[in-house]
Amino acid sequence: MLIFEEMQARGHEQLTVLHHAPSGLRAVVAVHSTVLGPAIAGCRLRPYDEERALRDALAMSESITLKAALAGLNYGGGACILTLPENGADEGHLREALFRSLGRQIRGLGDRVVLTEDAGVTGQDISFVAQETASVLGMNTDTPTVTAYGVYRGLKAAARTVLGSESLRGVRVAVLGVGSLGAALCGHLHREGARLTVADERPGRAQALAEELQDRVTVVAAEDLLDTPCDVLSPCGFGHSIKYDDVERLQCRLIAGGEHHPLSRRGEQAVKEAGIAYVPDYAINAAGLIAVATGVSAEVAAERVYQTVSQICALAQQNSKPVHLVARRLAERRIELIGSLARPL
(Lines give C-alpha, C1' and ligand atoms only; values in the text may rest on other atoms or scores of the structure.)
Protein backbone atom coordinates (compact mmCIF):
# COMPACT_ATOMS: atom_id res chain seq x y z
CA MET A 1 0.00 0.00 0.00
CA LEU A 2 1.46 3.37 -1.06
CA ILE A 3 0.15 5.63 1.68
CA PHE A 4 0.71 9.04 0.09
CA GLU A 5 -0.80 7.94 -3.21
CA GLU A 6 -3.84 6.58 -1.38
CA MET A 7 -4.22 9.79 0.64
CA GLN A 8 -3.92 11.93 -2.46
CA ALA A 9 -6.43 9.82 -4.37
CA ARG A 10 -9.02 10.13 -1.58
CA GLY A 11 -8.22 13.75 -0.68
CA HIS A 12 -7.01 13.17 2.88
CA GLU A 13 -5.45 15.92 4.94
CA GLN A 14 -3.62 13.99 7.64
CA LEU A 15 -2.64 10.52 8.84
CA THR A 16 -1.18 10.09 12.32
CA VAL A 17 0.15 6.95 14.02
CA LEU A 18 -0.07 6.81 17.82
CA HIS A 19 1.87 4.49 20.12
CA HIS A 20 2.20 4.05 23.87
CA ALA A 21 3.81 0.77 24.89
CA PRO A 22 2.77 0.59 28.59
CA SER A 23 -0.96 0.86 27.81
CA GLY A 24 -0.76 -1.15 24.58
CA LEU A 25 -1.95 1.80 22.49
CA ARG A 26 -1.38 1.36 18.77
CA ALA A 27 -3.69 3.54 16.73
CA VAL A 28 -4.09 5.15 13.34
CA VAL A 29 -5.91 8.49 13.17
CA ALA A 30 -7.00 9.66 9.72
CA VAL A 31 -8.36 13.14 9.01
CA HIS A 32 -10.06 13.21 5.63
CA SER A 33 -11.49 16.74 5.64
CA THR A 34 -11.94 19.68 7.98
CA VAL A 35 -13.58 21.92 5.36
CA LEU A 36 -16.94 21.92 7.13
CA GLY A 37 -15.52 21.76 10.66
CA PRO A 38 -13.51 19.50 13.01
CA ALA A 39 -13.25 15.90 11.87
CA ILE A 40 -15.58 13.59 13.78
CA ALA A 41 -13.56 10.40 14.16
CA GLY A 42 -15.34 7.14 14.84
CA CYS A 43 -13.16 5.26 17.30
CA ARG A 44 -12.96 1.52 16.58
CA LEU A 45 -11.18 -1.26 18.53
CA ARG A 46 -10.61 -4.59 16.81
CA PRO A 47 -7.89 -7.16 16.10
CA TYR A 48 -6.24 -5.46 13.12
CA ASP A 49 -3.06 -5.98 11.21
CA GLU A 50 -1.26 -2.77 10.30
CA GLU A 51 -2.32 -2.59 6.65
CA ARG A 52 -5.98 -3.28 7.38
CA ALA A 53 -5.92 -0.62 10.12
CA LEU A 54 -4.55 1.93 7.65
CA ARG A 55 -7.03 1.01 4.93
CA ASP A 56 -10.01 1.13 7.26
CA ALA A 57 -8.92 4.47 8.73
CA LEU A 58 -8.66 6.03 5.27
CA ALA A 59 -11.92 4.55 4.00
CA MET A 60 -13.92 5.22 7.17
CA SER A 61 -12.77 8.84 7.49
CA GLU A 62 -13.77 9.58 3.89
CA SER A 63 -17.16 8.00 4.54
CA ILE A 64 -17.73 10.17 7.63
CA THR A 65 -16.86 13.31 5.67
CA LEU A 66 -19.59 12.49 3.16
CA LYS A 67 -21.98 11.44 5.92
CA ALA A 68 -21.60 14.69 7.84
CA ALA A 69 -21.98 16.71 4.65
CA LEU A 70 -25.17 14.92 3.57
CA ALA A 71 -26.62 15.25 7.06
CA GLY A 72 -26.06 19.01 7.04
CA LEU A 73 -23.58 18.89 9.94
CA ASN A 74 -20.74 21.34 10.38
CA TYR A 75 -18.14 18.62 10.84
CA GLY A 76 -15.61 16.90 8.66
CA GLY A 77 -14.64 13.25 8.65
CA GLY A 78 -12.04 11.29 10.55
CA ALA A 79 -11.37 7.84 11.94
CA CYS A 80 -9.42 6.39 14.83
CA ILE A 81 -8.55 2.71 14.47
CA LEU A 82 -7.08 1.01 17.52
CA THR A 83 -5.52 -2.41 17.18
CA LEU A 84 -6.49 -4.73 20.01
CA PRO A 85 -3.63 -4.96 22.54
CA GLU A 86 -2.15 -8.36 23.30
CA ASN A 87 -3.65 -8.18 26.80
CA GLY A 88 -7.10 -7.82 25.23
CA ALA A 89 -7.90 -4.59 27.10
CA ASP A 90 -10.74 -6.24 29.03
CA GLU A 91 -9.53 -5.65 32.57
CA GLY A 92 -10.74 -2.29 33.94
CA HIS A 93 -7.46 -0.54 34.69
CA LEU A 94 -5.90 -1.71 31.44
CA ARG A 95 -8.83 -0.38 29.45
CA GLU A 96 -8.78 2.92 31.30
CA ALA A 97 -5.06 3.29 30.61
CA LEU A 98 -5.55 2.49 26.91
CA PHE A 99 -8.22 5.10 26.34
CA ARG A 100 -6.71 7.76 28.57
CA SER A 101 -3.46 7.31 26.67
CA LEU A 102 -5.43 7.78 23.46
CA GLY A 103 -7.05 10.93 24.85
CA ARG A 104 -3.73 12.40 25.91
CA GLN A 105 -2.27 11.91 22.44
CA ILE A 106 -5.41 13.13 20.66
CA ARG A 107 -5.07 16.32 22.69
CA GLY A 108 -1.92 16.99 20.70
CA LEU A 109 -3.97 17.24 17.50
CA GLY A 110 -5.70 20.35 18.80
CA ASP A 111 -9.26 21.03 17.68
CA ARG A 112 -8.96 19.15 14.37
CA VAL A 113 -10.33 15.83 15.66
CA VAL A 114 -13.33 14.93 17.83
CA LEU A 115 -13.64 11.30 18.96
CA THR A 116 -16.85 9.31 19.25
CA GLU A 117 -17.57 5.61 19.65
CA ASP A 118 -17.68 3.01 16.91
CA ALA A 119 -17.36 -0.79 16.83
CA GLY A 120 -15.72 -2.28 19.91
CA VAL A 121 -15.74 1.03 21.79
CA THR A 122 -18.30 2.08 24.42
CA GLY A 123 -19.47 5.31 25.95
CA GLN A 124 -17.46 4.40 29.05
CA ASP A 125 -14.32 4.18 26.90
CA ILE A 126 -15.01 7.64 25.49
CA SER A 127 -15.48 8.93 29.04
CA PHE A 128 -11.93 7.75 29.76
CA VAL A 129 -10.75 9.70 26.70
CA ALA A 130 -12.68 12.72 28.02
CA GLN A 131 -10.55 12.76 31.16
CA GLU A 132 -7.62 13.78 28.97
CA THR A 133 -9.23 15.90 26.21
CA ALA A 134 -12.43 17.82 25.59
CA SER A 135 -12.46 16.60 21.97
CA VAL A 136 -15.16 13.95 22.43
CA LEU A 137 -18.84 13.46 21.60
CA GLY A 138 -21.52 10.89 22.28
CA MET A 139 -20.67 9.53 25.72
CA ASN A 140 -24.36 9.35 26.61
CA THR A 141 -25.75 8.24 23.25
CA ASP A 142 -26.56 4.60 22.46
CA THR A 143 -25.07 5.06 18.99
CA PRO A 144 -25.60 1.54 17.56
CA THR A 145 -29.28 1.52 18.54
CA VAL A 146 -29.91 4.99 17.09
CA THR A 147 -28.00 4.12 13.93
CA ALA A 148 -29.98 0.90 13.48
CA TYR A 149 -33.28 2.74 13.67
CA GLY A 150 -32.03 5.22 11.09
CA VAL A 151 -30.97 2.39 8.77
CA TYR A 152 -34.43 0.85 9.13
CA ARG A 153 -36.10 4.13 8.22
CA GLY A 154 -33.67 4.67 5.36
CA LEU A 155 -34.43 1.18 4.05
CA LYS A 156 -38.11 2.04 3.92
CA ALA A 157 -37.36 5.23 2.00
CA ALA A 158 -35.21 3.34 -0.51
CA ALA A 159 -37.72 0.50 -0.85
CA ARG A 160 -40.42 2.96 -1.90
CA THR A 161 -38.39 3.83 -5.01
CA VAL A 162 -36.43 0.65 -5.71
CA LEU A 163 -38.98 -2.02 -4.71
CA GLY A 164 -42.13 -0.05 -5.44
CA SER A 165 -43.45 0.10 -1.87
CA GLU A 166 -42.30 1.45 1.47
CA SER A 167 -43.75 -1.57 3.27
CA LEU A 168 -41.20 -4.22 4.18
CA ARG A 169 -43.78 -6.87 5.07
CA GLY A 170 -42.83 -10.04 3.23
CA VAL A 171 -39.69 -8.44 1.79
CA ARG A 172 -36.67 -10.74 1.84
CA VAL A 173 -33.78 -9.07 3.67
CA ALA A 174 -30.37 -10.71 4.06
CA VAL A 175 -28.38 -9.19 6.95
CA LEU A 176 -24.64 -9.82 7.16
CA GLY A 177 -23.39 -9.09 10.67
CA VAL A 178 -25.71 -9.20 13.67
CA GLY A 179 -23.73 -7.40 16.33
CA SER A 180 -25.43 -4.61 18.26
CA LEU A 181 -26.35 -2.62 15.16
CA GLY A 182 -27.31 -5.57 12.94
CA ALA A 183 -29.36 -7.25 15.66
CA ALA A 184 -31.27 -4.04 16.41
CA LEU A 185 -31.98 -3.57 12.69
CA CYS A 186 -33.27 -7.14 12.46
CA GLY A 187 -35.61 -6.41 15.36
CA HIS A 188 -37.20 -3.49 13.49
CA LEU A 189 -37.46 -5.47 10.25
CA HIS A 190 -38.92 -8.51 11.99
CA ARG A 191 -41.60 -6.46 13.72
CA GLU A 192 -42.71 -5.15 10.33
CA GLY A 193 -42.96 -8.66 8.92
CA ALA A 194 -39.84 -8.90 6.77
CA ARG A 195 -38.44 -12.35 5.96
CA LEU A 196 -34.88 -12.43 7.29
CA THR A 197 -31.78 -14.39 6.41
CA VAL A 198 -28.98 -13.66 8.88
CA ALA A 199 -25.31 -14.52 9.13
CA ASP A 200 -22.38 -13.50 11.28
CA GLU A 201 -18.69 -14.34 11.47
CA ARG A 202 -19.61 -15.66 14.95
CA PRO A 203 -22.25 -18.26 14.00
CA GLY A 204 -23.57 -18.53 17.53
CA ARG A 205 -24.57 -14.88 17.49
CA ALA A 206 -26.74 -15.36 14.40
CA GLN A 207 -28.30 -18.51 15.86
CA ALA A 208 -29.10 -16.76 19.15
CA LEU A 209 -30.82 -13.92 17.29
CA ALA A 210 -32.88 -16.37 15.24
CA GLU A 211 -34.01 -18.14 18.42
CA GLU A 212 -34.95 -14.79 19.97
CA LEU A 213 -36.99 -13.65 16.95
CA GLN A 214 -38.33 -17.19 16.32
CA ASP A 215 -40.27 -17.08 13.05
CA ARG A 216 -39.38 -15.84 9.55
CA VAL A 217 -35.64 -16.04 10.25
CA THR A 218 -33.16 -18.31 8.47
CA VAL A 219 -29.54 -18.66 9.56
CA VAL A 220 -26.79 -19.33 7.01
CA ALA A 221 -22.99 -19.32 7.17
CA ALA A 222 -21.38 -15.91 6.70
CA GLU A 223 -19.53 -17.12 3.61
CA ASP A 224 -22.83 -18.21 2.02
CA LEU A 225 -25.00 -15.19 2.69
CA LEU A 226 -24.01 -13.32 -0.49
CA ASP A 227 -25.46 -16.20 -2.52
CA THR A 228 -28.85 -15.84 -0.85
CA PRO A 229 -31.76 -14.83 -3.14
CA CYS A 230 -33.23 -11.70 -1.55
CA ASP A 231 -34.75 -8.32 -2.26
CA VAL A 232 -32.40 -6.38 0.02
CA LEU A 233 -28.83 -7.14 1.08
CA SER A 234 -27.98 -5.29 4.28
CA PRO A 235 -24.28 -5.43 5.23
CA CYS A 236 -23.79 -4.58 8.91
CA GLY A 237 -20.23 -5.81 9.51
CA PHE A 238 -16.90 -4.05 9.84
CA GLY A 239 -16.26 -2.92 6.27
CA HIS A 240 -15.37 -4.40 2.89
CA SER A 241 -17.99 -7.15 3.23
CA ILE A 242 -18.69 -7.23 -0.51
CA LYS A 243 -15.54 -7.76 -2.54
CA TYR A 244 -15.42 -6.89 -6.23
CA ASP A 245 -15.34 -10.58 -7.18
CA ASP A 246 -18.40 -11.21 -4.99
CA VAL A 247 -20.70 -8.92 -6.97
CA GLU A 248 -21.51 -11.58 -9.57
CA ARG A 249 -22.84 -13.76 -6.73
CA LEU A 250 -25.41 -11.25 -5.55
CA GLN A 251 -29.10 -11.99 -6.05
CA CYS A 252 -30.63 -8.79 -4.68
CA ARG A 253 -32.19 -5.62 -6.04
CA LEU A 254 -30.98 -3.25 -3.34
CA ILE A 255 -27.90 -2.96 -1.10
CA ALA A 256 -28.41 -0.85 2.02
CA GLY A 257 -27.01 -1.40 5.51
CA GLY A 258 -25.26 0.02 8.53
CA GLU A 259 -21.72 -0.97 7.60
CA HIS A 260 -19.06 1.61 6.75
CA HIS A 261 -17.67 1.24 3.21
CA PRO A 262 -18.99 -2.27 2.34
CA LEU A 263 -17.95 -1.73 -1.29
CA SER A 264 -14.85 -0.34 -2.92
CA ARG A 265 -15.20 2.23 -5.73
CA ARG A 266 -14.58 -0.64 -8.15
CA GLY A 267 -17.28 -2.66 -6.40
CA GLU A 268 -19.71 0.26 -6.69
CA GLN A 269 -19.15 0.27 -10.44
CA ALA A 270 -19.74 -3.47 -10.57
CA VAL A 271 -23.09 -3.30 -8.75
CA LYS A 272 -24.13 -0.46 -11.03
CA GLU A 273 -23.41 -2.64 -14.06
CA ALA A 274 -25.31 -5.50 -12.42
CA GLY A 275 -28.40 -3.28 -12.11
CA ILE A 276 -28.38 -3.30 -8.30
CA ALA A 277 -29.28 -0.09 -6.47
CA TYR A 278 -26.79 0.79 -3.73
CA VAL A 279 -27.65 3.27 -0.98
CA PRO A 280 -24.20 4.14 0.39
CA ASP A 281 -23.42 3.86 4.07
CA TYR A 282 -22.85 7.58 4.50
CA ALA A 283 -26.45 8.25 3.42
CA ILE A 284 -28.25 5.56 5.40
CA ASN A 285 -26.25 5.01 8.60
CA ALA A 286 -26.04 8.67 9.67
CA ALA A 287 -28.61 8.70 12.50
CA GLY A 288 -26.08 7.91 15.22
CA LEU A 289 -23.76 10.65 14.02
CA ILE A 290 -26.65 13.13 13.81
CA ALA A 291 -27.76 12.32 17.36
CA VAL A 292 -24.22 12.54 18.72
CA ALA A 293 -23.46 15.83 16.97
CA THR A 294 -26.75 17.62 17.64
CA GLY A 295 -28.31 15.96 20.70
CA VAL A 296 -31.62 15.20 18.94
CA SER A 297 -33.65 12.07 19.71
CA ALA A 298 -33.35 8.79 17.83
CA GLU A 299 -36.69 9.48 16.16
CA VAL A 300 -35.64 12.91 14.91
CA ALA A 301 -32.26 11.64 13.71
CA ALA A 302 -33.88 8.71 11.89
CA GLU A 303 -36.41 11.00 10.24
CA ARG A 304 -33.56 13.08 8.86
CA VAL A 305 -32.06 9.91 7.38
CA TYR A 306 -35.45 9.01 5.90
CA GLN A 307 -35.73 12.40 4.23
CA THR A 308 -32.15 12.30 2.92
CA VAL A 309 -32.51 8.83 1.39
CA SER A 310 -35.90 9.77 -0.08
CA GLN A 311 -34.37 12.83 -1.75
CA ILE A 312 -31.42 10.88 -3.11
CA CYS A 313 -33.58 8.08 -4.52
CA ALA A 314 -36.05 10.53 -6.07
CA LEU A 315 -33.25 12.48 -7.77
CA ALA A 316 -31.65 9.27 -8.98
CA GLN A 317 -34.95 8.11 -10.49
CA GLN A 318 -35.71 11.49 -12.08
CA ASN A 319 -32.27 11.77 -13.67
CA SER A 320 -31.71 8.05 -14.45
CA LYS A 321 -28.55 8.05 -12.33
CA PRO A 322 -27.26 5.44 -9.85
CA VAL A 323 -28.31 6.16 -6.27
CA HIS A 324 -24.77 6.03 -4.88
CA LEU A 325 -23.45 8.52 -7.43
CA VAL A 326 -26.24 10.98 -6.66
CA ALA A 327 -25.51 10.65 -2.94
CA ARG A 328 -21.80 11.31 -3.41
CA ARG A 329 -22.43 14.29 -5.65
CA LEU A 330 -24.85 15.89 -3.17
CA ALA A 331 -22.31 15.50 -0.36
CA GLU A 332 -19.43 16.81 -2.43
CA ARG A 333 -21.50 19.74 -3.64
CA ARG A 334 -22.20 20.91 -0.09
CA ILE A 335 -18.51 20.63 0.80
CA GLU A 336 -17.59 22.68 -2.29
CA LEU A 337 -20.17 25.37 -1.64
CA ILE A 338 -19.58 25.80 2.10
CA GLY A 339 -15.83 25.44 1.65
CA SER A 340 -15.86 28.28 -0.88
CA LEU A 341 -17.17 30.67 1.78
CA ALA A 342 -13.79 30.62 3.53
CA ARG A 343 -11.76 31.33 0.41
CA PRO A 344 -10.35 34.81 -0.08
CA LEU A 345 -12.08 36.97 -2.71
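### Regarding the packing of helix 1 (residues 3-10) against helix 2 (residues 50-70)
Look at helix 1 against helix 2: their axes get within 11 Å of each other, and the N-to-C directions meet at 10°. Relative to helix 2, the element helix 1 lies roughly parallel. Between helix 1, through I3, E6, M7 and R10, and helix 2, the contact on the second element is made entirely by L54, L58, A59 and E62. Taken together, the residues of the contact of helix 1 with helix 2 break down into five nonpolar, no polar and three charged.

### Some points on the sheet that holds strand 7 (residues 195-199)
The sheet built from six strands is open, its strands ordered 8-7-6-9-10-11 with parallel pairing. Pairing within the sheet leaves two strands with one partner each, and these edge strands are strand 8 (217-219) and strand 11 (277-278). Relative to strand 10 (residues 254-255), strand 9 (residues 232-235) runs parallel, the two sharing two bridges. Residue V232 lies in a different strand from strand 10, and its bridge partner there is L254. Sheet strands touched by helix 7 (residues 203-213): strand 7 and strand 8. Its angle to strand 8, the strand with the most contacts, is close to 160°.

### Focus: helix 8 (residues 265-273)
Listed as buried for helix 8 are G267, E268, A270 and V271. Along helix 8, the residues classed as buried sweep out an arc of 160° about the axis, all on the same side. Exposed side of helix 8, more than 90 degrees from the buried face: R265, R266 and E273 are the residues found there. Buried positions along helix 8 lie against strand 10, strand 11 and helix 12 (323-340). G275 lies just past helix 8 and shows a positive phi near 80°.

### Comments concerning the pattern of salt bridges
Counted according to the given criterion, the structure contains 24 salt bridges. In this structure, E166 and R160 form a salt bridge, with 3.8 Å as the shortest nitrogen-oxygen distance. Of the charged contacts in the structure, one is a salt bridge between E332 and R328, with a shortest N-O distance of 3.6 Å. Highlighted residues: E332 and R328, both in helix 12, separated by four residues, approximately one helical turn.

### Some points on the environment of C252
Structurally, C252 can be placed in the loop between strand 9 and strand 10. Separated by 80 residues in the primary sequence, C252 and R172 place their C-alpha atoms 9.1 Å from one another. Each residue touching C252, except ones within four places of it in the same chain, is listed here: C230, D231, V232, L233 and I276.

### Considering the sheet that holds strand 2 (residues 25-33)
Strands sit in the order 1-2-4-3-5 across an open sheet of five strands; the sheet is mixed. Where the open sheet ends on each side, the last strands, each with one partner, are strand 1 (14-20) and strand 5 (113-117). Averaged over all pairs of adjacent strands, the angle between their axes in this sheet comes to 25°, without regard to strand direction. Running over the sheet, helix 2 touches strand 1, strand 2, strand 3 (39-46) and strand 4 (76-83) and is turned about 150° from strand 4.

Conventions used here
- Residues numbered from 1 in each chain as written.
- Predicted model: local features only at pLDDT ≥ 70, side-chain atom pairs only at ≥ 80, totals over all residues.
- Heavy atoms only, no water.
- Axes fitted to C-alpha atoms, helices over the stretch in contact; angles between N-to-C directions.
- Helix = DSSP H or I, 4+ residues; strand = E, 2+ residues; numbered from the N terminus.
- Parallel < 35°, antiparallel > 145°, perpendicular 65-115°, else oblique.
- Contact = heavy atoms within 4.5 Å.
- Nonpolar A, V, L, I, M, F, W, Y, C, P; charged D, E, K, R; others polar.
- Pairing = 2+ DSSP bridges.
- Buried < 20%, exposed > 50% of the residue type's maximum accessible area, 1.4 Å probe, protein only.
- Arc of directions from axis to C-beta.
- Salt bridge = Lys/Arg side-chain N within 4 Å of Asp/Glu carboxyl O.

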